[in-house]
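The residues making up each chain are set out below.
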Amino acid sequence: DIQMTQFPSSLSSSVGDTVTISCQASQDIDNYLNWYQQKPGKAPKLLIYEASNLEPGVPSRFSASGSGTHFSFTINRLQPEDFATYYCQQFHSLPRTFGGGTKVEIK
Amino acid sequence: EVQLLQSGGGSAQPGGSLRLSCATSGFTFSSYAMSWVRQAPGKGLQWVSTISGSGTNTYYADSVRGRFTVSTDKSKTTLYLQMNSLSAEDTAIYYCAKDKEGWTAIAFDSWGLGTLVTVSS
């Protein structure tokens, strides 16, 4: 199975800050990576697919990049509604696997 | 508007069975793969199973293969997950999810609200 490692596991930031989350795959997954946002008690929401493609309707302050084994996800000008947990997910191989999540909290 | 309405779930004893349902609307059901993703209490996301839009291909996580069966009823545009031989490790919120593609799990672009499955004696 491909292991997805996210770091940090949590972070504290203020509204207006820029936040970057990293995701590392245990083997080369090309650009077969997605990013999700999950708020407490809610279902996850797809934000970015195929490493860098913003899902329709997702604000442009969200962005992501990477290929191979190293990926990053950035939120520019953090907004109050962005405080949530973020997950990466690979679709290079079965089983599909998620990172452990990064919880973005208010400082 | 895509809608995924989940039902089923609840409590079961170890070794017992449950069936989850996910009634869909707002998209061409047979054109998209559908999946189940679960989340144990306080934990991260785990992919469980996927069925292709055609219904001919199914995929399972090793932890559920042989115990869980994913299926669809195209006439009802509904996704199912039959869960047998349940254990405490299956306790989780189960989400159904629609995929962006038709043949396998690529990206889960719409999700149900989730249903809690609790396995306990």
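On a predicted model such as this, the values are computed, not experimentally measured, just so you know. (Residues numbered from 1 in each chain as written. Chains lettered and ligands numbered in written order. Predicted model: local features only at pLDDT ≥ 70, side-chain atom pairs only at ≥ 80, totals over all residues. Heavy atoms only, no water.)

Describing unusual backbone geometry
All names here are of chain A. Operational definition: Strands are runs of DSSP state E lasting at least 2 residues, helices are runs of H or I lasting at least 4, and numbering of each runs from the N terminus. Three exposure classes are used, based on accessible area relative to the maximum for each residue type with a 1.4 Å probe and protein chains only: buried under 20%, partly exposed in between, and exposed over 50%.
In the segment running from Phe-7 into Pro-8, the intervening peptide bond is cis, with an omega of 0 degrees. Tracing the sequence through the fold places Pro-8 in the loop between β1 (4-7) and β2 (10-13). Omega for the peptide link from Leu-94 to Pro-95 comes to 0 degrees, which places this bond in the cis form. Despite not being glycine, Asp-30 has its phi angle at roughly 55 degrees, a positive value. For Asp-30, the position within the fold is in the loop between β3 (19-25) and β4 (33-38). Judged by its relative accessible area of 37%, Asp-30 falls in the partly exposed class. In the Ramachandran plot, Ala-51 falls in the positive-phi region, its phi being about 75 degrees despite a non-glycine side chain.

A closer look at the pattern of salt bridges
Condition: Within this document, salt bridges are pairs made up of a side-chain nitrogen of Lys or Arg and a carboxyl oxygen of Asp or Glu, the two lying within 4 Å of each other.
The full count for this structure, using the stated rule, is 8 salt bridges over all chains. The residue Lys-100 of chain B makes a salt bridge to Glu-55 of chain A at a minimum N-O spacing of 3.1 Å. Of this pair, Lys-100 of chain B sits in the loop between β9 (92-99) and β10 (108-111) while Glu-55 of chain A sits in the loop between β6 (53-54) and β7 (62-67), each in a different chain. Under the relative-accessibility criterion, Glu-55 of chain A is labelled buried at 11%. As a salt-bridge pair, Asp-109 of chain B and Lys-98 of chain B come within 3.1 Å of each other at their nearest N and O atoms. Of the two residues, Asp-109 of chain B sits in strand β10 while Lys-98 of chain B sits in strand β9, which places them 11 residues apart along the sequence. Asp-109 of chain B sits in the partly exposed class, given a relative accessible area of 22%.

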